There are 6 protein chains.
Amino acid sequence: PGRLHAATHEEIRRGATTDVYFVKTYEVLRHLGALNTPVTADVFANRAGILCGVEEALNLLRGLPVAVWAVDEGQPVEAGQVVMRIQGPYGAFGLYETALLGMLASATGWATAARRIKEVAGDTPVICFGARHVHPAVAPVMERAAIVGGMDGASCILGARLAGRDPSGTLPHAVMLIAGDTLTVAHAADRVFPPQEQRVVLVDTFQDEAVEAVRIAAALGQRLAAVRLDTPSERGGVTPGLVREVKARLAQAGFGHVKVFVSGGITPERIPPLKEAGADAFGVGSYVAAAPPVDMTMDLKEVAGRPVAKRGRIPGAAPDPRLRRRL
Amino acid sequence: PGRLHAATHEEIRRGATTDVYFVKTYEVLRHLGALNTPVTADVFANRAGILCGVEEALNLLRGLPVAVWAVDEGQPVEAGQVVMRIQGPYGAFGLYETALLGMLASATGWATAARRIKEVAGDTPVICFGARHVHPAVAPVMERAAIVGGMDGASCILGARLAGRDPSGTLPHAVMLIAGDTLTVAHAADRVFPPQEQRVVLVDTFQDEAVEAVRIAAALGQRLAAVRLDTPSERGGVTPGLVREVKARLAQAGFGHVKVFVSGGITPERIPPLKEAGADAFGVGSYVAAAPPVDMTMDLKEVAGRPVAKRGRIPGAAPDPRLRRRL
Amino acid sequence: PGRLHAATHEEIRRGATTDVYFVKTYEVLRHLGALNTPVTADVFANRAGILCGVEEALNLLRGLPVAVWAVDEGQPVEAGQVVMRIQGPYGAFGLYETALLGMLASATGWATAARRIKEVAGDTPVICFGARHVHPAVAPVMERAAIVGGMDGASCILGARLAGRDPSGTLPHAVMLIAGDTLTVAHAADRVFPPQEQRVVLVDTFQDEAVEAVRIAAALGQRLAAVRLDTPSERGGVTPGLVREVKARLAQAGFGHVKVFVSGGITPERIPPLKEAGADAFGVGSYVAAAPPVDMTMDLKEVAGRPVAKRGRIPGAAPDPRLRRRL
Amino acid sequence: PGRLHAATHEEIRRGATTDVYFVKTYEVLRHLGALNTPVTADVFANRAGILCGVEEALNLLRGLPVAVWAVDEGQPVEAGQVVMRIQGPYGAFGLYETALLGMLASATGWATAARRIKEVAGDTPVICFGARHVHPAVAPVMERAAIVGGMDGASCILGARLAGRDPSGTLPHAVMLIAGDTLTVAHAADRVFPPQEQRVVLVDTFQDEAVEAVRIAAALGQRLAAVRLDTPSERGGVTPGLVREVKARLAQAGFGHVKVFVSGGITPERIPPLKEAGADAFGVGSYVAAAPPVDMTMDLKEVAGRPVAKRGRIPGAAPDPRLRRRL
Amino acid sequence: PGRLHAATHEEIRRGATTDVYFVKTYEVLRHLGALNTPVTADVFANRAGILCGVEEALNLLRGLPVAVWAVDEGQPVEAGQVVMRIQGPYGAFGLYETALLGMLASATGWATAARRIKEVAGDTPVICFGARHVHPAVAPVMERAAIVGGMDGASCILGARLAGRDPSGTLPHAVMLIAGDTLTVAHAADRVFPPQEQRVVLVDTFQDEAVEAVRIAAALGQRLAAVRLDTPSERGGVTPGLVREVKARLAQAGFGHVKVFVSGGITPERIPPLKEAGADAFGVGSYVAAAPPVDMTMDLKEVAGRPVAKRGRIPGAAPDPRLRRRL
Amino acid sequence: PGRLHAATHEEIRRGATTDVYFVKTYEVLRHLGALNTPVTADVFANRAGILCGVEEALNLLRGLPVAVWAVDEGQPVEAGQVVMRIQGPYGAFGLYETALLGMLASATGWATAARRIKEVAGDTPVICFGARHVHPAVAPVMERAAIVGGMDGASCILGARLAGRDPSGTLPHAVMLIAGDTLTVAHAADRVFPPQEQRVVLVDTFQDEAVEAVRIAAALGQRLAAVRLDTPSERGGVTPGLVREVKARLAQAGFGHVKVFVSGGITPERIPPLKEAGADAFGVGSYVAAAPPVDMTMDLKEVAGRPVAKRGRIPGAAPDPRLRRRL
Ligand SMILES: [Zn+2]
Ligand SMILES: [Zn+2]
Ligand SMILES: [Zn+2]
Ligand SMILES: [Zn+2]
Ligand SMILES: [Zn+2]
Ligand SMILES: [Zn+2]
Ligand SMILES: [Zn+2]
Ligand SMILES: [Zn+2]
Ligand SMILES: [Zn+2]
Ligand SMILES: [Zn+2]
Ligand SMILES: [Zn+2]
Ligand SMILES: [Zn+2]
């Protein structure tokens, strides 16, 4: 099979994803005998957000002859705030500018969106379902960032592991359609899942959600932990009224213990009315995965010990107590 | 050094970036004896865009016992249009749903933004400078998509190569600051660059752009192909008036051959007035790189030869002449 | 039982619903010996609309010693256009000003809204379901006005009869809930309805609409004329996607002859996408019933043969070819 | 003369204004032997408002074998709140659903608008002048609802009587135009009105309002209670500046006791500046009369003792302390 | 009495209204021996407009050792267009930069607003009534500019004379209030005005305008040329309905020859409906008088024969056929 | 040379800038023997503002046989508030109505805008640079009004003197372009300026502002008081980032004493971020100079001792403690 288009770890480390001008930069600086001029480079965020990507960036820089300071992951940073400072010969790390900025920008974008979700969800668990909206090469980066931003879990296996969590998820529409009946799937899952794993059943594939929820609850009884509502937009999506009714009908049928897990186009605006209607957990995908990067800029602020800056920026690397020595 | 957080090609191929529920799905279907039920799965776009990511997706599927049809990359697709159809035993490809959708969604998002840029730029060359806004693992995916969408070049080495182009770029602010004078750098580059490579010099690091442009032109003469303007927002960015003036002052000093290359926060709205003022080429970064994915959905439409669909969708896989057999 | 609050026909005819000041007016004019001064009174519309209420107004005036000219019902009238002209001794009809204006204003308001619905619906039938939104005393007035405005039928028995139509309607949610199953009701209706009456079954009471529609169609076969969708807002209302899917699933099951009748919060904005998705008929209630009146004003324009007008209006009753002599 | 289009009390009571499907419902239920199934039906408001129409609805239901609970008229109700509950055999009251909902919806719409007017008017009297904007059959219903909503009087004779008030109103423009001079009318009214009735004279028919007001005041002296300003829009309507000036000129001429009564297109937005300018009373017509209904829905919540509901609603009739047993 | 604050002609000519920095400029240039360096100065408009002020500016420059080119007054000019070019020793005219720019900016602002009024008024005469909104020292400048912009007359005596017109105006409210009756004033004016002067009477001082207009017309008959309506905002201003009614009532009374002249807060938006209602002429004050200046900038473009410009502008004085040699 | 179009003091005093209708008024009143009727005339503001122009108006009225009361200059006045009251024979001052209103309206407009600037600038000095945007005849009126409104200085020589201040200003772009280098000018100015005059140098003519600022500071050292930034819009104008950087680069080079003076399109919205970035003073031109007049109206309120008013106004001159006897 042909190669995947994503860069491998080795390609990233040898600079293949860098902008070509850094190659030209090296030639010129070598010609000028200035490749190893000691410099201080500051990375700052162009808008406010929740910082992420620092640990991966350190993994990229580790082993190079540089000193690195950084703000901690998960901390809020302001527009213009220095989030990372690198000191060393320019030739030792200049090649990584593009990669470093990209790691920080994309992870910080995701963590920032995740924080906004968590702020409105409060104690209600929110799980990241965003892997299908991003390239698989960065799906684990995104899901880890979602957890750094405050979300409670992730469905992508590698992403959850990077964040030190077990992945969480429920059976999809496909298995329902293959089996032909939600109840068949519910019974099978109940048989094959280990006892400690929660039974959560998606109930919108064939039937009205309230009808199906009561039917599944009647079959699994106390072993049914939750039903998932993922009603498509052609059917009006999941409304607060639907959540309220499903919970009421379950309770009236004696299944008040069954929780309701809501997914499908969840945004910060939709969470409060759904919570108030009784939603017990949320799966959030596109809102986090499609979050724009928090763009980062790297500026040289000292060259051979002298403060410098390009026009528009203030020369010199000012001390900043929020920066912590990491390498 | 610790591992990078991006997934490797091997991890993607063995399903580590998939959503965990596909693992559960396999267990349940195996229990039901239905894992290898023949199915037809349709992937459709949730909003209109320029399709991309198909070739990488085929590279992922190649070698599996499935038949695949797809729309060609670079084609416009509508909301709801089927862009890929996969037929085969569900167990043979179900694991790749998350990865496939992510490849298509993100690449299509980037190609769609690139097309919009190219439409307003017309014959004026536009180069992708977006690598620093995305994770390095997907920088080549993004830059390739930008070229599929119609852009004329890319600065990321691997990205340009994937698209069969040479990477293009100019010397950055950092080399100017290390050397301490734009002219020093211009002279050195002129010395070390091969003759066929165009000399393009960034002229906003230390001085007023018009002053510096004329100074560099006076030194390099006919060998100077272009100056690049990347004026930061603290200095008002690159305005149409600045482009017009730099071109006029160069012409008045006898350097009418020198082109003007503009970068920095370029959007479709900013291109027409800059073009009209005389800009000869653009570098576009954030607008393309931060483009949201064009979300994709995969639905089973046939199971064991029967048309099916979940509630909200129409059962059956309708023939579509825009789909071409690929595997 | 206590009396209903609506006025009876007799109360209207003897002036009990008039404004009290007309009583005072009579006393003063009698004192001045001017009660039977010949006058010309013009009624004009304050905003544009489709004129209605003229026939009922003529029924009120018939038998009085007055000459009356009017524009025909169903005609569009402009803001400021004279829609009715009355000539005779003031004392003969002054008492009816309030009643006349009210009849014209409310009926014209309803007919105007109905016309707007019909304009967007085109050939697709639209039935008025608005009786429950207005007082029963005026429900027939409203439904007749809806038909004058262009709608194709009405569910209120008396209203339809006034307009020379048979009332039309389908079985409500209540009968489904009492019977406990839509199919039970469908079978019973099929038994008791005369052969020439169309079988239309409401399919959103208990189940997913598409599931229920196919189930009812399988039972009644060619005798099922249509299903009605009235999905409540808690379930997202009736979306174009739902209509499209129900029609597709019926056709796939061999019931392509079954039409889809849509109701529930229908407005002019919602009709085009629903029509395009395949809706075959609409029931419209609140949009027509809650339409504001097209306010009417009656001005004396001649007194004893002389042109007059209050400040702000132009004296005299100008000839108008759109007025036709009626009494 | 031909019949009026409004329904008579007898037609309402025998179901002629009901939707035709209730007739069909009866046939089907009789066929199923379920016509007299005991049910509980809840009526709820679709948006918040001031409840009205309950007493008329009770007059319709009185004598039927049903138990009825209701919220009191004049109380604020919320969206979704149950405002009336009926228990009994469905066949005993199902026919009245359309009529009941219409009575409650329209009266509640009017009372809600009236309450909003009264809230901004505070202690300043507001009289309903809306009869000419609605059909005469419901004019008394509307005016009674306005008083239930809090307004201080009504001009429609029957409406005021239903609310236990005397109707109030002033002489109209027509009598002025017939007499040819406001002063002639003022003198005549002064002669024929009983002593206890207030003399209020409309002063905008022929002359500038301030000029006419002082002229009438000079003629009637202490017997003039108020002047009414009803300036038409062609003359700019009644502005706060006009009220202020009329009051000042009356006071300067020694008629500080004369009040100013304002009418013509009064809305909640216009009342505060007019009050502040000195307006002593308001006549409000279109704002109340054209208020949209507060739509009501009747749902079966118990059938034969079991809780039920259609999809989208919660089964069962929950106890509600705001409901009071009425029948 | 103390002095007026406006500058006299002599003060303007000797530079007393210039910015102080030109004084400093002279000292510095004299010190550098560069005061009489030959220069070319271009004046350009910062936004589009109708050029005015050129003749006054030439009157200021006449007699100095400079050559001057300019666009003609009354011509439309674009943003950035050169409207005047001055060549000569800087010391000969630098002192007048502030005064020149101010003359052009303010007169062009007024002429631009006047043109917009004239464009919507078409053939209907428009008279400038703006003198009371500007300082008397510039009232004639403004009124002349209004006529250059296309208006048909002006009320300010000196302004009209400068534009070669006779001033036009009508008797104000003050004379009515002193005389106590509009008719008294009309009679007196009819007596004292020369025969060829049109009798135009303001009719809104004491009475309803329509009543007063007919009364004055009855008294003056064919000698009454027009009535003026200047209704204050407290009375709703002059509405199209008022114009229509006054014209109709005059015609009905046999005075169809009397024209209607409208004033009071006239803007381009209000003119079309008033014209359509029959207005025969307009007095426009604040819209023209309060128009913002069309700011002008003077840039040196040649110094001692060499093209120059400050940063942001293009060096050199390009030939422009729209410039005509004036001095 | 031809005459300037502005009115001279003598023309203003003899009524040549008045509206022509006052001339007609005199003729009519003389004919009626009413020219010297004693009257009270009130001038009121049509919108709120900071009163100015009173002293010039008093200079116009001084010596006439009238009594005058007025609010003090610099005081805030409300819409409708009487700002000046004149008592005397109408013939003695009627001719000055147009001139008086114009003086008050335009000066109050300027003072009002100046106050708004001062409110946001707080302690930071703001200098009026508006002379070039108004006609030179009123430039001193405008600059005096700016100071009455609260600004700290003015550049127009006569304007500053009228307000009892020394004019302030800095060397313009023209002197830089003639000399060819900012440093040449800075040296010359340093030589010719008296010791007590502050050296402020405009640094945006040829070079990047930060580069030039440090270069000039290096040359003049402690004698350099400030640099002025007037960056044109083609270069992005003066941004907060530019101010911050210039101050930082000056401080880093040891010239922390040099202040930054900002000009060019300054509005109330732009001042707070520029102040926060370190701007030490502002030059404000167009915002104040182009401020619309605060229109004034003069109404007769007493004639021969009787209260009067035209329709729409309240008769009589009410006592007002804010009015102070001035003549
Ligand atoms: Zn799904
Ligand atoms: Zn998703
Ligand atoms: Zn850079
Ligand atoms: Zn970028
Ligand atoms: Zn229903
Ligand atoms: Zn309805
Ligand atoms: Zn009226
Ligand atoms: Zn009304
Ligand atoms: Zn006036
Ligand atoms: Zn005016
Ligand atoms: Zn300048
Ligand atoms: Zn300016």
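Since this is a predicted model, take the numbers as computed values, not measurements.

Rules behind the numbers
- Counting starts from 1 at the beginning of each chain's written sequence and moves along it residue by residue.
- Note on labels: chains are lettered from A, ligands numbered from 1, in written order.
- The predicted origin of the model limits local features to residues at a pLDDT of at least 70 and limits the giving and counting of side-chain atom pairs to 80 or more, whereas totals for whole chains, interfaces and linings rest on all residues.
- Side-chain metrics in this entry use all non-hydrogen atoms of the structure; hydrogen atoms and water are not considered.
- Domain limits in this description derive from either an automatic procedure or a database domain assignment.
- Whether two residues are in contact is decided by their heavy atoms, any of which lying within 4.5 Å being enough.
- Salt bridges are counted wherever a side-chain nitrogen of Lys or Arg sits within 4 Å of a carboxyl oxygen of Asp or Glu.
- In protein, a polar contact requires one atom able to donate a hydrogen and another able to accept it; more generally it is a pair of N or O atoms within 3.5 Å, and residues adjacent in sequence count only if both atoms are side-chain atoms.
- The secondary structure listing takes helices from DSSP runs of H or I that are at least 4 residues long and strands from runs of E that are at least 2 residues long, numbered from the N terminus.
- Multiplying one less than the number of residues by 1.5 Å gives the expected span of a helix.
- Summary of the burial criterion: residues with accessible area below 20% of their type's maximum are buried, those above 50% are exposed, and those between are partly exposed, where the area comes from a 1.4 Å probe applied to protein chains only.
- Here the copies were fitted onto each other by least squares, based on C-alpha atoms from residues at pLDDT of at least 70 in both.
- Should DSSP find at least two bridges between two strands, the strands are regarded as paired.
- Each axis is a line fitted through C-alpha atoms, taken for helices only over the stretch in contact, and angles between the N-to-C directions span 0 to 180 degrees.
- Buried area adds together the accessible area that both of two parts lose upon being put together, with accessible area traced by a 1.4 Å probe.
- Pairing of aromatic rings covers Phe, Tyr and Trp, the last through its six-membered ring, and needs centres within 6.5 Å; plane angles under 30 degrees mean stacked, over 60 mean edge-to-face, and all others mean tilted.
- Either the NZ atom of lysine or the CZ atom of arginine qualifies as a charge over a ring when it sits within 6 Å of the ring centre and within 35 degrees of the ring normal.

1. Re the domain arrangement of chain A
The parts lose accessible area when they come together, and the size of an interface is often stated as this lost area.
Residues and elements named next belong to chain A.
Phase 1: Along its sequence, chain A is organised into domain 1 (9–108 + 292–325) and domain 2 (110–289).
Phase 2: Placing the centre of domain 1 and that of domain 2 at their C-alpha centroids yields a distance of 39 Å.
Phase 3: Taken together, the contact pairs twelve residues of domain 1 with eight residues of domain 2.
Phase 4: Where domain 1 touches domain 2, the interface holds one salt bridge.
Phase 5: Arg144 is the partner of Glu73 in a salt bridge, and the nearest nitrogen-oxygen pair spans 2.6 Å.
Phase 6: At the junction of domain 1 with domain 2, the criterion picks out nine residue pairs in polar contact (both at pLDDT 80 or more).

2. Focus: helix α11 (residues 240–252) of chain B
All names here are of chain B.
Phase 1: Under the 1.5 Å per step criterion, the end-to-end length of α11 is 18 Å for 13 residues, consistent within 8% with the ideal 18 Å.
Phase 2: Of the residues making up α11, those classed as buried are Gly241, Leu242, Val243, Glu245, Val246, Ala248, Arg249 and Leu250.
Phase 3: Once α11 ends, the next one or two residues include Gly254, with phi positive near 90 degrees.

3. Some words on the relation of the copies chain F and chain E
Phase 1: For the pair chain F and chain E, the best superposition has an RMSD of 0.0 Å and corresponds to a rotation of 180 degrees with a translation of 0.0 Å parallel to the axis. The transformation just described matches what one would write down for a two-fold rotation axis. Residue Thr8 of chain F of chain F places its C-alpha closer to the rotation axis than any other residue of that unit, at 2.8 Å.
Phase 2: Interface overlap between copies is the fraction of interface residues in one copy that are interface residues in the other; for chain F against chain E it reaches 100%, indicating a shared surface.

4. Overview of the sheet that holds strand β6 (residues 126–128) of chain E
All names here are of chain E.
Phase 1: Taken together, six strands build an open sheet; the order of strands is β7-β6-β11-β10-β9-β8 and the sheet is parallel. In this open sheet, the two edge strands, each paired with only one partner strand, are β7 (153–154) and β8 (199–202).
Phase 2: Against the sheet, helix α11 (residues 240–252) contacts β9 (224–229) and β10 (259–263), and its axis sits at roughly 150 degrees relative to β9.

5. Notes on the relation of the copies chain E and chain D
Phase 1: In screw terms, the move from chain E to chain D is a rotation of 180 degrees and a rise of 0.0 Å along the axis, fitting with an RMSD of 0.1 Å.
Phase 2: Here 100% of the contact residues of chain E are again contact residues in chain D; the copies associate through an equivalent surface.

6. What to know about the environment of Val303 of chain C
All names here are of chain C.
Phase 1: Looking at where Val303 falls in the secondary structure, it is placed in strand β12 (residues 296–303).
Phase 2: Classification of Val303 by relative accessible area gives buried; the value is 1%.
Phase 3: Taking C-alpha positions, Val303 is 4.5 Å from Val39, a pair spaced 264 residues apart along the chain.

7. What about the interface of chain F and chain E?
Phase 1: Taken together, the 104 residues of chain F in the interface contact 104 residues of chain E.
Phase 2: Area buried by chain F at its contact with chain E is led by His5, Arg132 and Arg311 of chain F, which between them contribute 11% of it.
Phase 3: On the surface where chain F and chain E come into contact, there are ten salt bridges.
Phase 4: Salt-bridge contacts for Arg132 of chain E lead to Glu97 of chain F; the nearest nitrogen and oxygen are separated by 2.7 Å.

8. Quick word on the pairing of strand β12 (residues 296–303) of chain F
Residues and elements named next belong to chain F.
Phase 1: Most of β12 sits out of view: seven of its eight residues are buried.
Phase 2: Strand direction decides the pairing type here: strand β1 (residues 38–45) and β12, joined by seven bridges, are antiparallel. When the sheet's bridge partners are listed, Val43 is paired in β12 with Met298.
Phase 3: Both β12 and strand β13 (residues 306–307) contribute to a ladder of two bridges, which runs antiparallel. Opposite Glu302, over in β13, you have Pro307 as the bridge partner.
Phase 4: Between β12 and β13, which follow one another and run antiparallel, lie two residues, and Ala304 among them has a positive phi close to 50 degrees.

9. A few points about the packing of aromatic side chains
Phase 1: Counted by the stated rule, this structure contains 20 aromatic pairs over all chains.
Phase 2: Geometrically, the ring pair formed by Phe129 of chain C and Phe261 of chain C is edge-to-face, given 5.9 Å between the ring centres and 75 degrees between the ring planes. Of the two residues, Phe129 of chain C sits in the loop between β6 (126–128) and α6 (139–148) while Phe261 of chain C sits in strand β10 (residues 259–263), which places them 132 residues apart along the sequence.
Phase 3: Residue classification places Phe129 of chain C among the buried positions, given a relative accessible area of 11%.
Phase 4: An aromatic cluster is defined as three or more aromatic residues linked by ring pairs; in this entry it consists of Phe129 and Phe261 of chain C together with Tyr21 and Phe22 of chain D.
Phase 5: One cation-aromatic arrangement involves Arg325 of chain C over Trp69 of chain C; the distance from NZ or CZ to the ring centre is 4.9 Å.

10. Re the interface of chain E and chain D
Phase 1: Tallying the contact residues gives 14 residues for chain E and 14 residues for chain D.
Phase 2: With both chains or domains summed, chain E and chain D bury close to 1000 Å², and 39% of this area falls on carbon and sulfur atoms.
Phase 3: It is Asp208, Glu234 and Arg235 of chain E that lose the most area in chain E upon contact with chain D, and together they represent 52% of the buried surface on that side.
Phase 4: Seen at the junction of chain E and chain D, the total is six salt bridges.
Phase 5: For the interface between chain E and chain D, the tally reads six residue pairs in polar contact (both at pLDDT 80 or more).
Phase 6: Looking at the side of chain E that touches chain D, the elements that each hand over two or more residues are α10 (209–220) and α11 of chain E.

11. Regarding the sheet that holds β12 of chain C
Residue and element names in this part refer to chain C.
Phase 1: Overall, antiparallel pairing links the six strands, which are arranged β13-β12-β1-β5-β3-β14 in an open sheet. In the strand order of this sheet, the two ends are held by β13 (306–307) and β14 (324–325), each with one partner.
Phase 2: Bridging between strand β1 (residues 38–45) and strand β5 (residues 82–89) involves seven bridges; their strand directions are antiparallel. Bridge pairing in β5 places Ala41 opposite Ile86.
Phase 3: Taken strand by strand, helix α3 (residues 54–61) contacts β3 (67–70) and β5, and its axis lies near 5 degrees from that of β5.
Phase 4: Where helix α5 (residues 97–121) meets the sheet, it contacts β1, β5 and β12, and its direction lies at approximately 135 degrees from that of β12.

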